[in-house]
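Understanding the architecture of this molecule
Below are the chains, spelled out letter by letter.
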Amino acid sequence: GSAPRHVVLSINHLAADQWSFGIIQQDLWSMVDLCSRDLAASYKTPRLFPVDLAGYQRSDRGRARLERSLDHWRRALTEFPESLFPDGPYPESHPRFCEALFESTILMRAIETLSNRLRITSPAVVTAGISLLLAHRVGLSRCGLLIEVGNRFDRTLQEMVTTLVQHGPVVV
């Protein structure tokens, strides 16, 4: 009886999203550390589980929050354009794809300022900017996107191993 040297995990993406894998890895390293010091029995996870989230969602407060979320998505879908390319088909252009490289300290500061002000990531700010450029290119004032959203704004959700990713319609 020697101790295991390797651990292999097989986790379906329906059970845990990518964010969760970092949590799982952190927990495994904590357990390995405690086991190496014969303190395994003292390990206690501070985390909530999906069943805890389900209980919250069934509570009055949770139902109210879900209703606000549904109202948001209903409005987003109402505002969503029927087509991103309303006057297509378009003639093929050359080059077919364009590449842009921004090397601007001012632009980077503006992106950082907007992301901090709006409490979103810098890539979300860049995506919104590119979306507006795309809309302008096809003659629209707004652009509809279906983006992947990770609902981990609440600190307790940041520590939960589960799937909290969804696709959300966004109009920019």
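It should be noted that the structure appears before, not after, this text.
Residues numbered from 1 in each chain as written. Predicted model: local features only at pLDDT ≥ 70, side-chain atom pairs only at ≥ 80, totals over all residues. Heavy atoms only, no water.

This brings us to the pattern of salt bridges. Within the structure shown, the criterion is met by three salt bridges. Connected via shared salt-bridge partners are Glu67, Asp71 and Arg74. (Salt bridge = Lys/Arg side-chain N within 4 Å of Asp/Glu carboxyl O.)

As a further point, take the side chain of Ser115. Assignment of secondary structure puts Ser115 in helix H4 (residues 105-118). The exposure class assigned to Ser115 is buried, which follows from its relative accessible area of 6%. Other than its neighbours up to four places away in sequence, Ser115 contacts Ile120, Thr121, Ser122 and Val125. (Helix = DSSP H or I, 4+ residues; strand = E, 2+ residues; numbered from the N terminus. Buried < 20%, exposed > 50% of the residue type's maximum accessible area, 1.4 Å probe, protein only. Contact = heavy atoms within 4.5 Å.)

Taking 1.5 Å per residue as the helical rise, helix H5 (residues 122-137) with its 16 residues ought to reach 22 Å, and the 23 Å between its terminal C-alpha atoms agrees with that figure. Of the positions making up H5, those classed as buried are Val125, Ser131 and Ala135. Along the axis of H5, the buried residues cluster in a sector spanning 120°; they form a single face. Facing away from the buried side of H5 by over 90 degrees, the exposed positions are Pro123, Ile130, Leu133 and Arg137. (Expected span 1.5 Å × (residues − 1). Arc of directions from axis to C-beta.)

The next thing to look at is the environment of Thr78. For Thr78, the position within the fold is in helix H3 (residues 60-79). Distance in space between the C-alpha atoms of Thr78 and Val171 is 9.9 Å, their sequence separation being 93 residues. In terms of polar contacts, Thr78 uses its side chain to reach the backbone carbonyl oxygen of Arg74, at 2.8 Å. (Polar contact = N/O pair within 3.5 Å; in protein donor to acceptor, adjacent residues only side chain to side chain.)

Attention now moves to the packing of helix H2 (residues 50-58) against H3. For the pair H2 and H3, the least separation of the axes is 4 Å and the interaxial angle reads 80°. What the angle tells us is that H2 and H3 run roughly perpendicular. Taking contact as the criterion, the partners of Tyr56, Gln57 and Arg58 in H2 are, on H3, Asp60, Arg61, Gly62, Arg63, Arg65 and Leu66. Tallied by class, residues from the contact of H2 with H3 come to two nonpolar, two polar and five charged. (Axes fitted to C-alpha atoms, helices over the stretch in contact; angles between N-to-C directions. Parallel < 35°, antiparallel > 145°, perpendicular 65-115°, else oblique. Nonpolar A, V, L, I, M, F, W, Y, C, P; charged D, E, K, R; others polar.)

Packed helices, taken two at a time, are described by the angle between their axes plus the distance between the axes. In the contact formed by H4 and H5, the axes pass within 8 Å of each other and the chain directions differ by 110°. Judged by the inter-axis angle, H4 sits roughly perpendicular to H5. Residues Ile111, Leu114 and Ser115 of H4 lie in contact with H5, whose contacting residues are Ser122, Val125 and Val126. For the contact of H4 with H5, the per-class residue count stands at four nonpolar, two polar and no charged.

What follows is about unusual backbone geometry. Notably, Arg119 is not glycine yet its phi reads approximately 60°, a positive angle. Arg119 sits in the exposed class, given a relative accessible area of 66%.

Time to look at a nonpolar patch on the surface. Where nonpolar side chains cluster on the molecular surface, the patch consists of Val7, Leu9, Ile11, Phe21, Leu28 and Met31 and spans about 490 Å² of accessible area. Checked against the element boundaries, Met31 lands in helix H1 (residues 18-36). (Patch = residues over 30% accessible without salt bridge, like charges linked within 9 Å, V, L, I, M, F, W, Y side chains within 5 Å. Areas by Shrake-Rupley, 256 points an atom, 1.4 Å probe, with all protein chains shown as cover.)

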